[in-house]
Structures are given as C-alpha cells and as structure tokens.
Number of protein chains: 8
Amino acid sequence: MDRDRLRRLLEEVRGGSVDVDAAIESMSELPFADVEGARVDTHRALRVGIPEVIYAPGKTPEQIAEIVRTLRRAEQDVLATRVAPDVAERVLTDVPGGDYDALGRLLWYGPAEPATLGNGIIAIVSAGTSDLPVAAEAAGVAQRLGNKVESVLDVGVAGLHRLLASSAVLRSARVLIVVAGMEGALPSVVGGLVDKPVIAVPTSVGYGAAFGGVAALLGMLTSCASNVTVVNIDNGFGAAYVATLINRL
Amino acid sequence: MDRDRLRRLLEEVRGGSVDVDAAIESMSELPFADVEGARVDTHRALRVGIPEVIYAPGKTPEQIAEIVRTLRRAEQDVLATRVAPDVAERVLTDVPGGDYDALGRLLWYGPAEPATLGNGIIAIVSAGTSDLPVAAEAAGVAQRLGNKVESVLDVGVAGLHRLLASSAVLRSARVLIVVAGMEGALPSVVGGLVDKPVIAVPTSVGYGAAFGGVAALLGMLTSCASNVTVVNIDNGFGAAYVATLINRL
Amino acid sequence: MDRDRLRRLLEEVRGGSVDVDAAIESMSELPFADVEGARVDTHRALRVGIPEVIYAPGKTPEQIAEIVRTLRRAEQDVLATRVAPDVAERVLTDVPGGDYDALGRLLWYGPAEPATLGNGIIAIVSAGTSDLPVAAEAAGVAQRLGNKVESVLDVGVAGLHRLLASSAVLRSARVLIVVAGMEGALPSVVGGLVDKPVIAVPTSVGYGAAFGGVAALLGMLTSCASNVTVVNIDNGFGAAYVATLINRL
Amino acid sequence: MDRDRLRRLLEEVRGGSVDVDAAIESMSELPFADVEGARVDTHRALRVGIPEVIYAPGKTPEQIAEIVRTLRRAEQDVLATRVAPDVAERVLTDVPGGDYDALGRLLWYGPAEPATLGNGIIAIVSAGTSDLPVAAEAAGVAQRLGNKVESVLDVGVAGLHRLLASSAVLRSARVLIVVAGMEGALPSVVGGLVDKPVIAVPTSVGYGAAFGGVAALLGMLTSCASNVTVVNIDNGFGAAYVATLINRL
Amino acid sequence: MDRDRLRRLLEEVRGGSVDVDAAIESMSELPFADVEGARVDTHRALRVGIPEVIYAPGKTPEQIAEIVRTLRRAEQDVLATRVAPDVAERVLTDVPGGDYDALGRLLWYGPAEPATLGNGIIAIVSAGTSDLPVAAEAAGVAQRLGNKVESVLDVGVAGLHRLLASSAVLRSARVLIVVAGMEGALPSVVGGLVDKPVIAVPTSVGYGAAFGGVAALLGMLTSCASNVTVVNIDNGFGAAYVATLINRL
Amino acid sequence: MDRDRLRRLLEEVRGGSVDVDAAIESMSELPFADVEGARVDTHRALRVGIPEVIYAPGKTPEQIAEIVRTLRRAEQDVLATRVAPDVAERVLTDVPGGDYDALGRLLWYGPAEPATLGNGIIAIVSAGTSDLPVAAEAAGVAQRLGNKVESVLDVGVAGLHRLLASSAVLRSARVLIVVAGMEGALPSVVGGLVDKPVIAVPTSVGYGAAFGGVAALLGMLTSCASNVTVVNIDNGFGAAYVATLINRL
Amino acid sequence: MDRDRLRRLLEEVRGGSVDVDAAIESMSELPFADVEGARVDTHRALRVGIPEVIYAPGKTPEQIAEIVRTLRRAEQDVLATRVAPDVAERVLTDVPGGDYDALGRLLWYGPAEPATLGNGIIAIVSAGTSDLPVAAEAAGVAQRLGNKVESVLDVGVAGLHRLLASSAVLRSARVLIVVAGMEGALPSVVGGLVDKPVIAVPTSVGYGAAFGGVAALLGMLTSCASNVTVVNIDNGFGAAYVATLINRL
Amino acid sequence: MDRDRLRRLLEEVRGGSVDVDAAIESMSELPFADVEGARVDTHRALRVGIPEVIYAPGKTPEQIAEIVRTLRRAEQDVLATRVAPDVAERVLTDVPGGDYDALGRLLWYGPAEPATLGNGIIAIVSAGTSDLPVAAEAAGVAQRLGNKVESVLDVGVAGLHRLLASSAVLRSARVLIVVAGMEGALPSVVGGLVDKPVIAVPTSVGYGAAFGGVAALLGMLTSCASNVTVVNIDNGFGAAYVATLINRL
C-alpha cells in the first residue's frame, strides 16, 4: 500500500484542510499492495469496515502465509476460510498467533473476542448433524466480524417439536441464517415463524437426487416464505457476511 | 373379450370342478377386447379390483367415447382423467350418464357414492391454492375407487399454525397424500407429524427455479422424513391409486 | 377470523390485565378466516407489519375480488402481484377503488402515498430495458410497503460509464435490489461499489443459453461480491419484501 | 430426556388420572436428550413404533458410538445405515454386542430375530448383481423392523423368464420393494404382475447416460404401472421403512 | 444437376470404356441441382438406393412443392415427413398425385405398393396409444422404402400378457423398431425376447418427469438388453431408415 | 441348470418324437444355474448364438472367476468386459487359460481365432487417440464374436484428408462402428460417406462442456445423417454386439 | 446528448488546444440521451465505429420508432435485429425510409450499400435450410457494418462433396461464420479446412435431443478444431459483430 | 512423412516448374507420419503456420516423448499442453532440451523467444488468483506462437478500480483473452471498455452453483457485450490459438 500518500492525506485531515468524510472517500480510491500473484487490499477494513477475507482453496500454504503477513504488517485482522487442517498447521507454523476452528475450517488472526459492531443477534439455524460444518463456518465468521451469535442446531422439519421449542430464540434475532441440505425446507418453516430477513444456505449434504445441494438450492429459491434470500451452496461465509452488513444497519 | 371361455370357466366354478381362487387366477390370464387403436381390458376390474382408467390426453373425444361405451357394455364403471372441459362435454353428449368434476378434470361413469372398499381414511393435504387441481384429482379418484377422503387444503409450511390446527385430521388417516409445488416441503413436515405412509405429489406450480415441478420433485425425493414416497409431477391419479391399494390392505 | 376471541383479548388489554406486547404475541397465534378455497390471514398486517399479498396467477378474477373484499372489510390494505391487465380490469370493476400499475403488474388497494416505515432508501438498479417489468414490480412493492425508493435503470455492465455516473445514488441506499437478465453480472459490479446488502433478482430475459433466467441465476449465486444474496427468477416482489424487512431494522 | 416429567406422567397413568392413549400422546410431545452435536430422540420407538435409525455418513465412529450408547442405555434397539466396514469395526470395538451386515452396510444392536410386527410378506426384487447392496440394505432394514422378507434377486427385464418364474412369490407379498439401476424398468413390469403397492428404488448402478441413477429415477417416476411410488436413488432404507409402515396396517 | 456430364458418363458405360461399378461410383461424386434455398440431390436414389426424403418443418408449402416437382421431373419417388395436414393439402393442390398419411404425417409421391427390396420383416412395436403417431411414421416410411412391415401396437410393459401374446410375430422379424414414451422400458423387454437388432425410438409422450422424452431416451440408452440401439426422440423416420438398410443386407 | 430335463428333451430329439427346431425353442425356456448372487445362463450361447458376457465392474475377482469356471465347465466360451488389469491378473491366476487385452480391458476364454460367423466386415472408426480404449473394446468384442474387423483410427473431422484417405475401407464394410468423444461429429461425416448402418459410440473423452460424453451423445442423437443409431457413452461392447447381430443377417 | 459540450470540445480541437486522439478519448466519456425508459447512446458510432443496434424483442413498435427517430436526428445509421414482420411494418409506417429484410428479421436505416470498412471477406457458411434465418441475420448485419460477404449455404457434414466443392470460397475468407443446428458439427469440419478464425453459431433448429440448440452449442464448444470460438444460440448478430471487428484489424 | 515426395516438389519449385503458392497448396495435401497409435502431422507448421500441439491427457510419457522426437527430427517446434509435472519430468528425461512452465502446464521445445509473427498485442485478463493456471496457459501458448503478450491479472468485477486502473493496457491490445470463473462477468465488463474482439474463457473455478464452470460459461455466452465469443471451460490453449490467428491478420 501507498503509505506516503496515506500519510499526506491523514496530515491534511489533521491540519483541517481535508475533512474526515472526504478523507475516507479518498482512501477508498487508493491503490493496493502487490503480493506475488494477488493484489492485497490493505485498507479494505477501512473502506467497508470488514477485514480482508482469504478464500484458501487453490492457494498454497506459502501464499496464504504471505498474504497474512502483509495484512498483519498493516495491523489488520485476517480471516481465512475453507482452510484444510494440514494447510492451517503449515500457515500457523509460518505465521504464529492465529486461531484455527477445525469444524468451520476458519483460520483467524485477531482478538478472541472481537468488539461488537452489530446491533442485534444473528441466529444460525441448521437442519441436521451433517450441516454442522457449514453452520459452524457461518457462526465463526459472524462472531469474528463482530456479531452476537445464537445457534439452534439439528432442528429438521420432520421433527417440528424440536424447532418450535426454540422459537423464542428465533424471534429474538435481528437476522437469521438457516442452513439445510437435502430438501432444504427449513428456511421456509423458519421464515414463517419470524418477521425478520432469513438468509438461506443450501448445503451439499445428501445423496442421489440431492445432486450435491441442487435440491436444497432450488427448494430455497422457490420458498413459499417471502422473507427468504439465498446464497450459494455451502456458502456459510457469504451468509455471515451479508448478515453482518444487515446487523450493522 | 373371449366370453365363451369365460362362460365355460364360470360353469366349472359353479359345478365345483374349479374353485373360486383358481378361477380368478385363470381369468387374469384371459385376453382382451380390441377397440380401434387400443386394447381395452374388460376384466381389469375383476383382476385387480379397480376399474380401467382412461388417460385422456392424446385421445379424441370420439376415441374416449368408444372406450367408455365398450366398458359400460361390459357393465364396468369407467373413470377418465385429465379431461379438458370441452372434451368432457363432447363425450357426455355422445355417452350420457357420466359426471364431470371440472376442478379435478375427472369424468366418471358409475355410482355417485361408490361402495366403501378401503379400511380407513385417506387424507389429502395441499400447500397452496394453486395446488388445488392436483389435490382435487387425487381426492376425486380416491373417492371413486371406494375410499373415505378427508381434505386439508392451503396449509403451506410458511404458516405452520394452519397446518398444526389440522393435526388431528392428519393423525386419523391411514394413508396420506400430500400435494405441493414450489419447494415441496410439505410432505417432510407432514411426514414428521404422523407415523403412516405419506405419498408426495409434486406439482408444476411455481415459476423460475421451480422448473415446472422439478424443485418440488427433488425436495420430496430427498425428504428428511423417512415415511415419504413420491410419484410423478402433477400425478394426483397415481397417488390416489397407490393410496387405494394401501387402504385396502 | 375469530372476532370474539380478538374482542376479549383487546378488552383485557384495555382493562390492563394484558399488556400490549403480550396481546400482539397472542394475536399472532389466532386463527384465520376462510374464503372459499383459500384461508385468508386477516391479521397478518398486525402480525408482521406487512399486508397480505395476493399472488394472482392461477386465481380467477372472482377469487381475487373475493379475497380483496374480505381484507378490505377488515380495513386492511391489499396488494396483488402478477395481475394481467384483463384480470385487473375485472377485479377493479368488481371492487372499485384500487390502483393498477401496468408495467409492474401490481394491483393496490390502499393510500397512494403509504406512510414511510423504512429508515432509509431502497435503490432499485436494473441492467436493460427488458428487465424493466421486474424492476417496476420491485419498486412498486417497496413503495407500497412504506419505503423511499430510488431507481437507476438501464445500466448494464457493458457500459460502465452509465453505472458509475450513478454511484452517488447507489452509495446513498440502505439496501439495494439489482435486477438483471442474461449473464446477470450487474449485482457483482454494484456489490463491489457499495458496502450494503444487495438483493439480486435474475430475470428470464434473454434467449438461447440464458435458459429462461438460469444463466443469470447461476451468475448471481456465484457472485464474487460477498454482499449479494439471491431470490428466484423474476421475483421482484420477494426482493422488495426482504428489502423492506431490512430497511425497517 | 426429561425423566422427571416422564415419571410424573407414568404415575398419573398408574393412578388412573390419565389413561393410556392420552399418556402416549403426551409422551410424543416430550423433549429429547442432547448428545454432543445431535439431539437423540430416546422415545422415538415409543412414539412411532420404530427405533431411531442413525445415518452414518458424515459422523465419526466416536459420534456413532456415543449415540448408540445413549440409546442402548434407554434400552432401545439401534440400527445404523451406510456404515463403512472400517467404521463398523471401530464402533463395535467401542460398543460391543452389535451385528454388522457388510453387504447391506447395516450395523444392528438388537435381537437377531426381531418380533414380527408386520401382517404379511415384504418382497424385495432386484434387477442385477450390482443392485445387490441396495437390495440387501432394504432387506436387512425390513427384517430388523419386524417384517417377514422374501428376496427375488437378479431378475432383470431383458430376461423375462427369470422374473416370471418367480411370479408366485411376487403375488404372495403384501407390499413389494423393487430395486433397479440403468433404465429402471423392473418396477413397471413387476407393477403389472401384482395388485399391491410397489416401492421403486433407483440405484446409482450404470455408466454414461445412467447419470448416477437419474435414468432409473426418471424411468420409475414415469412408470406406466399405476401402483408404483418412488424413493431417492440408492435409498433402500427409506423403501424398507415405508414398506414396514404399510405392512403394519 | 450436370446432365451433360451424366450423359457422357453413361455413353462411356454403354460403349464399354467404363464399367457399371465405376460409373455408379463416379456418379456418387457428381454435383446437384439448385432449388431456391436448398440443393436438391437428384441422384441420391441412385447413389444410396433410397429416395430423397424431405423434412417438412421450417419449409413453406411452396418450397416443399418446388422440391417435389424437381424430383418428380427426375422421375424419382419422393417422401416428405412431419407434414402437417394443412401443409399437405396445399402441396397436394400444387402438385397432385401424392398420398397423405395423416397419422404418420407422411406425404408420398410414388407407387402405392413399392417393390419389396428388403429381405425380411421389420416389426414395429409400440407401448401406448399415444405413441401411435411415431409408430405410424416408422411403419409408413419402412413400407415406402420397400419393406414388409408387421405392427404390434399398445403392448406396454405393465401388461406383459399382451406383449407375450405377440412373441411369435416379434421372433419372425429380421429387425425390430420399438417405440415407447414415459419410462421407455419396452425395448429392454423386447430385446430380451429376440436375438435380432432392436432400434429403440423414445417418444415425447408423458408429462412431468418424462421431460419431453428424456426419461425414455435415457432408459433406452442404458438398456440392460445388449441388442438395443437408439435414435432421437420421436425419430420414427430415422429408425425406419436404418432398419431398411439393415433389412437389405 | 436342469440337466435332467435337458437330457429327456435331447433323447426325445434323438428318438424323433421332437424335432430340432422345437427342441431349440424349448431349451430357450429352460431354467438357469445359480452361482452365489447371480443366475448364470448356461445355454445362452445356444439360445442366441452368442456366449454369456460378464460385465466386471462391481464384481470381485472371486465372483468373476466362479462365473467363468461354471461356464467353462459347460464348455462355453466366456468374455468379460471392463476388466481392470489387477482384476484380470487375479482371475487368470484363479482360472488359467484366458487371454487379457489391456487396451480394450477384455478377458477372453476361448479360441484365439474364433470361427467367422458374420457375413462381412465390421469397420471400427475412431476420432482421436483418447478414444482408442473404447474402439479397442468394440474391435476386441467383434472379433471374439466371430466377425472380420477393420480399424480406421485417429481420423477426426477437423482433418478430413485423413478420413477421406480411408474411404475405400469404410465403403467395404457391411456395418460400421464409429467412436468419438468431444463434439461427436464423426458418425455424421462417416454416415454421409457410406450407405450402410452406422452405430455411433460417444466417449467420455473431453473436458468442460464435453460433460463426460454428453456433448458427443447429443451430437450423435441429432445427427443429420439418417443411417446413424446410438448406444450409451463408452459402450463399445454394446456397439459390437449389435453390429454382430447385423453382420449375421 | 450534450451537444454543447461536444461543440466546445470540437472547437478546441479545431483551435489546436486539444489534439484529435485526446478528443476522441474525451468523447467516449460523454453522457447519453434519455429516451423514455432507455438511455440512447448517440455517439456510440463515433466511439466504437459501429452504429447503435436495437434488439427489438420486448420493445413496442412505438419504443423502437422513438429510438430510431432520436438516432436519425443525430444523423446516425440504425440497425434493429429480431424484428417481427408486423413490428417492422408499424415502425416503417411511423418512421419511413428504412429497409426490412424478412428472412434475417433486420430493419435498417442507412445506405443500401454501406462503405466497405473491412479488409477482407467474411464467409457465412450454414448447414441446413432451417438454419437460413440465422445465417441471413449474420450476413445482413455483416454487410450493413461494411463488410464484403460470401455465403455458402446448405452444406451439411453428411454430404461432404457439397462442402468440399466450396472450399475455394472458404479459403478466400479472412474470417468465417459457421451456422449449424442439430449436432453442430460443421464448424469443426470447416475449421479443419481453413487457417482463419471461425465463429460458430449454434441454432435452435432440431427436435428431441437437440434441446433447442444445446446439442449444437456443446458440440461447438468441444470442437476438435482449435480455431473455433462460439456465440450464443441463434446469435447471428453477435457473430457478425465480432467478425466485423476482426475484419477491420 | 513422405520426404521423397516433398523433395521432388521442392526441386520443382527451385527449378521454376512449380511456383511457391502452388507448392504450399500441394504440401497441405501431403500425407502424414504414423507414430504408434497416432498420426503425426509433420508439416502442419508449414500448412497453417502453427506447430503441432500435443494434448497430453490420456497419453503416456512414452507416447508424448515419441511424438516429440518425431517432430523434432522434422525440425519442428513442439508444444504440449496440460502436462502434469511428473509427466513433464519423464518426457524431459527422455527427450532433453525442452522447457516446462509449471503454472501453465506447458512443455515447449523451441526457441525461448520465438520470432514475433503477430501484428499487435494480445492482452490476457483474469479475474481471480484461482484463474491463474488457465491465464498462464493462454499467455504461454500465445507467447510461443509468436505474439507479444500483456497480462492483467486479479481484476475481478467486484473491485472495479483495479480493472479501470489497467484500462490503458486493455485499450492497447489488438485482441483480448479474458479468463474468469464463478459468475464469469469479466468479459462483459472488459468487452464494454474496448472495441476489439474479446475471447472469453470460463474456468472451472468455484463451488456449488458454479457447477465446474457452467455458470461462467452461460454467463459468457449470454454476455450483453457484443464483441465477446467463447471457448470451452478451462480452454486457455484454444483462446490463445484463435487470438494468434486474429493477431496475424
């Protein structure tokens, strides 16, 4: 990153010749640092208020470590998603000080308890035990991005009493993430119980006609509940990201 | 049909040289009558205990009328499915005495109140107002084939209180037919409320990612409720047919 | 609807034996009125703060008129979507006093300028002239549900200068609805320009490999922008509904 | 599980203040035990008359063993499906006393000869040698759930004489499960030979245009035999479960 | 067509300087006549022993008539397929002397009883009444191309006794064409009954999961009978064409 | 197999009370031998004139060896397809005397030069080097089943001069098998060069939009050459089997 | 359009204070005119050297006429594609002076013989008579955009001699557009005959497994000829547009 | 290859009896060398001006080495694509002197700096770090085939400022290759920024609804930018090949 240009800008702000809003606007136009093969956005946290997130698949542990180092040098928190255990281990050896969540496959460099930036609770609801990794990714991301999170797990629609027993938690949330594989019916049922936005995450759980998450995806897109929007299959991160933006409104 | 052969057989039964079970077995091997372009199975009612059912699409009103006449001559009840209103009108003009159910698109020649042959109640459950034609087909067929039918309509999963208010009816049924379009989640929820077989019928209701019933079909095939089996999209007739066989057990 | 039960409840509230929150909670458990073939939810507006919305396809003008009448009798606003011009005309003849938006195919019974209930602006962005009907549905619904709406139309990604010229409007919004057919790339580009939630609506516009909106749908689900969620193809209503919930937070 | 609440209920039954049916009804509303990550339904056997069945994929041997232990402690039989040989070995080491069926991949804790609860015979029919694992799953599950089972294997439709040679067995069954891959034609042919419900199970056997079971699935859904319903690809368990419910009627 | 070149060639044959085989070989390299928008192959009959066949869809009656006229002028027989009734009427008005088969949608200019060129019988087998148009196209084409044809109609696999009653006819054929919609199982069953080549024709008959013939197509491609090959959906013409080539061997 | 019944039958033939044709007919109705898990058809060679062929995938080397032994004991030739090298090695150790074709993955027990039973040449044409295994399977099967085979390899449509250089061979064949992956255009081009039946075999060669053979399959089904029929993806065996039946006519 | 700003700019160019390249660069950033519902890009011709092209579907004749008028007022040529005959007639009544090509469905306002801007010949090759409308669209667009065009029509791959007879024309072209439906094999064959870029256009011609152009599309994408790129199904316009850009290089 | 025939031809050229153009034309009709299993085209470089390119998958290192040796003996440059590292190592051991590009998986035998044959710059643009291998394949091939290449990497559409910062490079190119996975929107955006042909390469990068590159492929085919054509998923080679042909015009 262009630190000189940033310094000049900040001195102008201090000197009063540039006001704060204009400075933030300017900074969101500044260039970016080059790490071999990838442009690293060192002031993204500044610009959108959320740290850079590294999508690990297709990157070597060395590449991930290099990006982490660059961002840590800029005193930013870093979150990496879809990090396999052996990759995490090698990155942590290279750049110590991170925290690895094996279920959610998240690698985090930052405070264990990030400051709360959201205004309410994000509820994470999941249908079956096989959906847990995606739910854990969503919960882990939401917590690191500064939200209070409540999880309601293993409440499939074929056992309504389990779900209804948790309806108080569901109704206390400001925004809900509902994770389900197979027929993906849970968002419709949860959507009917609350009057808040529901972000549905289809999972690739299931066999045969589940088609790797397609059945759940189609079910969620055609939900009869009007308060449901959908993200990509297994995209717990994306759901948590959008929920975070909503929870900050 | 080979009436001579049938007469000989029946006389042998009367004379005692052939017992009833053997006679029925034999008769199920007998040949069939030829109506122009279609072989008509005049003793199907005898053989499987259910009258011949005519699938109307692709047949002219004249062809349908001719089949009806042949079967009525053999003193059988006749049911035709997927009969468009104008087709029904022309068949009824040609062969009076039938009854047309416009919502379920069924044309029926037989007693208004067929004798009850099933042992319990068949519940017909449907999700939305647009699913009504398929539910009506299932209900009409089940009633004509000798079953007591209870309908629970317009109970989508996004409004659980409506569905739960009908749970006594659901639990009173011996077999259930659940009709739903869009995400097709209703069979999973109903399946979790009862311990009886549930026959799921996806409907072609819905737009976009509903893909003419594919979303509902996949949702039902991947249902997390273990007591659900599935028939083809919009196949209210097939669901009622199987439910009838089960209800006679 | 069970008016007696509602009356008793409201008298208890007045008498002070039940407080307001408890009453609202109770009322959200109350039953519903039966209109022939469809259960009408007369206190939905009360419960989720949004009037009942009628999905017109598959309903006759008479059925729509009957539902409208029932809801108007309960002094509720009514919105019907996907209303064809001839259907609208017949409903308006039957139940005068409504307003028809031909582009968005919306029929509305309620104040021309509904009270503003949302906290910010909903931006509606669309890619091409063929996407206008869906954008108009989204805009019309959002406005009727009490939101301030800004529309930025005809800003496809192949002409970036058009889109960038509107970036101030995009950044002023609290939540954005982005409508696009064909390759559905607009939500990704808009998503990169703002730090607010973006609801993407694929449209069935396009031919050949557009596959009736599938190309756009897949493009939006796999968007490289993390702040994008997706609704069903052509579902301008659903997008506006969720945007409304978000805008009220 | 809430043992206190259960004890009170049972004492009321003994004291006569609650009758048996009401008690059973009540108990089906009772909560459930929490095993780490999964809610275990300890009185499911009571409620629907069928023991909890564990779907093994996605669970570690330790998780499966823990669930088995919890259920055995509650004196319930346990069935686990899709258990790989190495997983079975580790669970059996951890919780001895179970029985593993390698072909059907079933792990069973319960009596070798469960009490017969069904009223007739369930016939399991399969098309080719490659369909045997799914047929074995169906047969093993049906037998454990208390049914008499007859298997008719390797009777594909391209060799009709093999199938016809078994028609007496087919006709003796109260409900039939027909397992087939490739073109999935067997259920149609069997369905035409009997007047009982046929549950069709497509298998993922085949290559090329078999598309992992899709060809068989579509073939079964569009069967010209009206007594056929369908479950998910390779879902031998689901077929046996529904057949069991039907056989108990 | 280049008549001069043909004349020279034929005179050389007559003169003995070119033998017959060489002449035929040469002629198969000769150019073709231009009819507005379409090159008409006036010696195709000579070259492959089968007259030019016109695929009517997408051509105007005038274009078809012009091609017919050109070919008739060259003293060739002409067959047009997929000819709608109104198109046939207009072509016949323009170029009298043809024969129209309304069920098979075939228009034929040539002898009513073409000379038999095939060595055996082609059997045409079809599953249901709705498959009749495609079976009629196959039968009509085969007969016009000089084959003896036997038809066995309405013999679906759910009524095996009907099919088995015709097994003598099936076994008498040198090559078989089997036409079926829905699950497309008939070719597998017929293929198991005979030891001759079976050409399977999927039809677009059926609804829902039949997907316009896809279910039947996949079923036929994955047939467990090894003597089955497949042509395109509804392609009765193609099946008859190949059967003709085989029957001439 | 029922040897007694066979002996009686053959003695009747010898005695003259049954003539040969009737005996063959009878024998084709006789039962079959049971090898654990699979019914082995020991007189298939007699019935259709082609030895039993074992499809190896999904069978253990032990099962294959057992079937081979049973058939060899009945003095039949045996062909196994899709035999992986390690499987072949284990079967050959268990039952020596077979011959393994590694490219075509065929295992053969029988004479190296089977008697010629076909009347002409079967040409095997393939498009690219990656299609060789499927072409080799087709060639190997055709040769073992008693046909003269000519192979024309590596003649893709993007290099027409290679293909045209082989046109004499193509025209000398009585039936042709054309193997191609990717766009699968070769059967159309070959089909236009000959007037004999062409059996097209799509292969799973290719990446991306080849979709594992789907592109080639669709291309072949929609071929503009009328003498093309199609078998399943990679089904070299099936193509050779049908070509053999045709070549024996 | 902002004519004042353009005038100032051009005067600066004339005055020498701005050079030509800078002016062109500037102008490509200028705004655009608003026609009700659509932003009309009045200097597009200036910017990319190609006139604005109107895609007619989804626009009323009035909207098209208004856009035409606006562009004509700015002295630009206008081309509209996919114009149905009745729409063309109404636009021509409203804005006379245009020329309608019924086969290619093109409406053109501009010189009958546009100035030649391309450096060589664009060859348009098509497979069957049904592909003619798409080939005509490509040819018409290419000619209007200033290219010399040669058409080679009706040269399907099943009749190679027709295609080879035109190889001189194919080799004379600088860029080729190849239009084909069904199996879409023509681009591969043409691609092998020339060493110039080939733009393949799949058409929606064909039935059954052609799936509205999908078979041709997949065939072209997986072409074994390396000089082939592909545009959308039926997109004759797009092919001509890219060919024009290439021909101007 | 037929060296004698080539020598005679060249001597005739030298002697003046054949002119150069005729000689080149002749040579493009000459035959080809046979390497075991593959016909090697030893004068392809001569004919189309581009060396033979070996597609490595499905070939053994020995087969690749043999083809390389044959071509090197004919003094040709050789390029192999999709060469895995271990395969490259074995070929290089066998035939030293080559250069391996591990990222682009290219193996090259020829000059490090091939002579420039193209007239301008080919720009390679890619969206994300995961698209780098395909971009590297395109860049490596284009450079080896004699083009100047400029790469603009990691410029996804969700970060427009990155892309716009490179617009000078984009506008300097004569032809552009745009590589993108996921929603594949980059070609549309780049296509709008330039007035040169854009070749879009979808990559198989992404998960869930990316469907291995299908989402990107459909997005590119339906691009709203008219200057975009498309090649197969991950086909960096094909894009570079066509770009080379265009760049030589």
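Remember, predicted model here, so these are calculated numbers, not experimental data.

Here is what the cut-offs are and how they apply
Residues numbered from 1 in each chain as written. Chains lettered and ligands numbered in written order. Predicted model: local features only at pLDDT ≥ 70, side-chain atom pairs only at ≥ 80, totals over all residues. Heavy atoms only, no water. Helix = DSSP H or I, 4+ residues; strand = E, 2+ residues; numbered from the N terminus. Buried < 20%, exposed > 50% of the residue type's maximum accessible area, 1.4 Å probe, protein only. Contact = heavy atoms within 4.5 Å. Areas by Shrake-Rupley, 256 points an atom, 1.4 Å probe, with all protein chains shown as cover. Phe/Tyr/Trp six-rings, centres within 6.5 Å; stacked < 30°, edge-to-face > 60°. Lys NZ or Arg CZ within 6 Å of the ring centre and 35° of its normal. Buried area = accessible area lost by both parts, 1.4 Å probe. Polar contact = N/O pair within 3.5 Å; in protein donor to acceptor, adjacent residues only side chain to side chain. Nonpolar A, V, L, I, M, F, W, Y, C, P; charged D, E, K, R; others polar. Salt bridge = Lys/Arg side-chain N within 4 Å of Asp/Glu carboxyl O.

(A) Region of interest: the overall build of chain A. When helices and strands are tallied, chain A shows eleven helices and eleven strands. Here chain A holds 249 residues, and the buried ones make up 60% of them. The long-range share in chain A, meaning contacts at least 24 apart out of those at least 6 apart in sequence, stands at 67%. Within the structure as shown, chain A displays about 9,100 Å² of accessible surface, and the carbon and sulfur contribution to it stands at 50%.

(B) Summary view of the packing of aromatic side chains. Enumeration according to the criterion identifies 16 aromatic pairs over all chains in this entry. Between the aromatic rings of Y207(A) and Y55(D), the centroid separation amounts to 6.0 Å while the plane-to-plane angle is 25 degrees, which identifies the pairing as stacked. Of this pair, Y207(A) sits in the loop between β10 (198-202) and α10 (214-221) while Y55(D) sits in strand β3 (residues 53-55), on two different chains. For the cation-ring pair, R82(A) lies above Y207(H), with the distance from its terminal atom to the ring centre recorded as 4.1 Å.

(C) Region of the structure containing the interface of chain F and chain E. Listed by partner, the interface residues are 27 residues for chain F and 28 residues for chain E. Interface area lost by chain F to chain E is led by L221(F), S226(F) and L249(F), which between them contribute 26%. Inspection of the chain F/chain E interface yields two residue pairs in polar contact (both at pLDDT 80 or more). Contributions of two or more residues to the side of chain F that touches chain E are made by α3 (44-48), α10 (214-221), β11 (228-230) and α11 (236-248) of chain F. Among the elements that take part in the side of chain F that touches chain E, α11(F) stands out by supplying six residues, more than any other. Of the residues assigned to the side of chain F that touches chain E, the class counts are 14 nonpolar, six polar and seven charged.

(D) A look at the pattern of salt bridges. Per the stated rule, a full pass over the model turns up 64 salt bridges over all chains. Between E62(A) and R90(A) there is a salt bridge; the shortest N-O distance is 3.0 Å. Separated by 28 residues along the polypeptide, E62(A) in helix α4 (residues 61-73) and R90(A) in helix α5 (residues 85-94) bring together distant segments of the chain. In this structure, the salt-bridge partner of D154(D) is R162(D), at a minimum N-O distance of 3.9 Å. For R162(D), a relative accessible area of 11% gives the class buried. Bridged by salt links that share partners, the residues E66(A), R69(A) and D94(A) form one connected network.

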